Amino acid sequence: MVTVSNIAYKQYGNCVQLSNGAFRLLITTDLGPRIIFYGETNGENIFYEDAQDLIRKDGDYFDRNLPGKGAWHIYGGHRLWKSPEDLASYYPDNAPVRTEFVPNGVTVTSEPESTTGLQKSMTVTMADDGSVCVQHAFYNFTDRASEPVALWGLSVLDKGACATYPLSTRDTGLLANRNLVLWSYTDVRDDRLRIEQDKITLRWDDVAQPIKIGMYIEDPIRVHTKGLELTVTYDYAGENAGYADRCCNVESYTNDIMLEVETLSTLESIAPGQYKYHTERWSLRKL
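The present account deals with the structure reproduced in this document. Because the structure is a prediction, the values reported are computed rather than measured. Here, residues in each chain are numbered from 1, in the same order as that chain's written sequence. Side-chain atom pairs in this predicted model are given and counted only at pLDDT of 80 or more, local residue features only at pLDDT of at least 70, and totals for whole chains, interfaces and linings cover all residues. Calculation of side-chain values draws on the structure's entire complement of heavy atoms; hydrogens and water are dropped beforehand.

What follows concerns the overall build of the protein chain. Within the protein chain, the secondary structure is distributed over 2 helices and 22 strands. Note that the radius of gyration is over C-alpha atoms, with the globule rule given as 2.2 Å times the number of residues to the power 0.38. Relative to the 2.2 N^0.38 estimate, which gives 19 Å for 287 residues, the radius of gyration of the protein chain is 18 Å and therefore close to what a compact globule would have. A principal-axis box enclosing the C-alpha atoms of the protein chain has dimensions of 50 × 45 × 35 Å. Throughout, a contact is declared for two residues whenever any of their heavy atoms are within 4.5 Å. Across the protein chain, every contact between residues at least 6 apart in sequence was considered, and the portion connecting residues at least 24 apart equals 63%. Here a strand is any run of E in DSSP of at least two residues, a helix any run of H or I of at least four, and the numbering for each starts at the N terminus.

Given below as structure tokens:
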């Protein structure tokens, strides 16, 4: 049985807690939309928490375009962004969210963004076995169609995480059956990145040089961290459906602080007054 309650959590303030007794999850309400904790009820958080505010972005763009919104902080946990990535992706989520309780969970919704006109929300529910469904949503609050955007769910894992991304083994004859997209700062010789016939592995290590990779895959992502295995499944629409970053529906980033597991929706314009959704499902088990 899942319980839903209100608690305060560290510097993040008021949160909604979902728990089945064995596992718990915390959704922030003083900022967001954001999930800040997922793990065993009496155990550690598998997500990174940026208690020292090591990762932030501010400067002239924020002063000119976002007066009064403050700097963007990574905070940690799981967040919703827009892709393709640009400065508008870093819209600060420092303000309280609107909260609506649903069976075994909650919907948290931000105010519309002044730069994009998009309103972000997450509906987060927990099943009796402790697995979690996260439905991300963009709502176009303006009277014009949005630029083509993708919903981008980013889970920031704490130090020590190792993520495995399965590659297709289908025989597609003369056609390609997998892709690997590399960012300019990625060194393919780095020991943290391992490419095998049927999978790609990216692991955290105490190395400051970042790595980012992207790919199109359809099978669950598996992350080993803190004695647990996190399984992430996600919506996908087919490799020809139109994804950002050279056809990536999954991306991953790591540095000496954390490791990110990221999934993306297709890249589409959103009509005025319409929603676009992207769903992830998480489960944890002890190794």
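Structure shown, so let's carry the discussion forward.
A word on unusual backbone geometry. Of note, the bond from G32 into P33 is cis; its omega dihedral lies within 30 degrees of zero at 15 degrees. Mapped onto the secondary structure, P33 falls in the loop between β3 (23–28) and β4 (34–40). Omega for the bond connecting S83 with P84 falls within 30 degrees of zero, at 5 degrees, which places this linkage in the cis form. Position of P84 among the secondary structure elements: in the loop between β7 (77–83) and β8 (98–102). Even without glycine at this site, K226 takes up a positive phi of about 55 degrees. For K226, the position within the fold is in the loop between β18 (221–225) and β19 (228–234). Here the term buried applies to any residue with accessible area under 20% of the maximum for its type, exposed to any over 50%, and partly exposed to those in between, with areas from a 1.4 Å probe on protein chains only. When its relative accessible area of 30% is taken as the criterion, K226 is described as partly exposed.

Let us now look at the packing of aromatic side chains. A pair of aromatic rings is counted whenever rings of Phe, Tyr or Trp (Trp by its six-membered ring) have centres within 6.5 Å, and the orientation is called stacked for planes under 30 degrees apart, edge-to-face for over 60 and tilted otherwise. For the structure on display, the rule yields 16 aromatic pairs. Ring centres of Y12 and Y75 lie 6.4 Å apart, and the angle between their planes is 70 degrees; on these two criteria the pair is classed as edge-to-face. Placement of the pair is Y12 in the loop between β1 (3–9) and β2 (13–19) and Y75 in the loop between β6 (72–73) and β7, with a sequence separation of 63 residues. Exposure remark for Y75: the relative accessible area of 16% places this residue in the buried category. Aromatic side chains Y275 and Y277 sit 5.7 Å apart centroid to centroid with 10 degrees between the ring planes, which places their arrangement in the stacked category. The partly exposed category is assigned to Y275, whose relative accessible area is 45%. Charge-over-ring placement is defined geometrically: NZ (Lys) or CZ (Arg) within 6 Å of the ring centre, and within 35 degrees of the ring normal. Note that R24 overlies the ring of F37, its terminal NZ or CZ placed 4.4 Å from the centroid. In this structure, R79 packs its charged tip against the face of W81, placed 4.2 Å from the ring centre.

What follows is about the nonpolar core. Counting 48 residues, the largest nonpolar core has L25, I35, Y38, V124, I221, L230 and W282 as its most contacted members. Excluding residues that lie within four positions of it along the chain, V124 makes contacts with L18, L25, I27, I35, N104, G105, V106, V132, C133 and V134. For our purposes a nonpolar core is just a set of buried Ala, Val, Leu, Ile, Met, Phe, Trp, Tyr and Cys residues, chained together by side-chain atoms within 4.5 Å. Core analysis: the second largest hydrophobic core is formed by 18 residues, F62, W72, Y90 and I257 among them.

Turning to the environment of P92, a few remarks are in order. As for its position among the elements, P92 is in the loop between β7 and β8. Residue class for P92 comes out buried when judged on its relative accessible area of 8%. As for P92 and A71, which are separated by 21 residues in sequence, their C-alpha atoms are 6.2 Å apart. Non-local contacts of P92, meaning those with residues more than four positions away in its chain, are made with F62, L66, K69, G70, A71 and W72.

Moving on to the sheet that holds β1. Read across the open sheet, the 10 strands follow the order β1-β2-β3-β4-β7-β12-β21-β20-β17-β14; overall the sheet is antiparallel. Since the sheet does not close on itself, it has two edges, and those belong to β1 and β14 (181–182), each with one partner. When DSSP finds at least two bridges between two strands, those strands are taken to pair.

Across the sheet, which stays open at both edges, the 10 strands sit in the order β8-β9-β10-β11-β22-β19-β18-β13-β16-β15 with antiparallel pairing between neighbours. Each having just a single partner strand, β8 and β15 (193–195) make up the two edges of the open sheet. Each neighbouring strand pair of the sheet contributes to a mean axis angle of 15 degrees, computed without reference to strand direction. Across 5 bridges, strand β13 (residues 162–166) lies against strand β16 (residues 199–203) in antiparallel orientation. Bridged to Y165 within β16 is I200. Interaxial angles span 0 to 180 degrees and are taken between N-to-C directions of axes, which are lines fitted to C-alpha atoms, for helices over the stretch in contact.

Attention shifts here to the side chain of R24. By the secondary structure assignment, R24 is in strand β3. No salt bridge is formed by the buried R24; its nearest oppositely charged neighbour, E49, is found at 7.6 Å. Setting aside chain neighbours within four positions, we find R24 in contact with I7, Y9, Q17, L18, S19, F37, Y38, G39, T41 and M126. The charged-residue count follows a simple rule in which Lys and Arg add positive charge and Asp and Glu add negative charge, with His and chain termini not counted at all. Every case where a carboxyl oxygen of Asp or Glu lies within 4 Å of a side-chain nitrogen of Lys or Arg is listed as a salt bridge.

Moving on to the pairing of β13. With 3 bridges connecting them, β13 and β18 associate as antiparallel partners. Among the inter-strand pairings, T164 is bridged to a residue of β18, identified as R222.

Applying the stated criterion across every chain, the model contains 22 salt bridges. Here D205 and R203 are joined by a salt bridge, their closest N and O atoms 3.2 Å apart. Look at D205 and you get partly exposed, because its relative accessible area is 29%. Take R203: its relative accessible area is 30%, and that puts it in the partly exposed class. A salt bridge links K276 to E268, with the shortest nitrogen-to-oxygen separation between them at 2.7 Å. Assessed through its relative accessible area of 11%, K276 is described here as buried. If you follow the salt bridges from partner to partner, you end up with R194, E196, D198 and K199 in one network.

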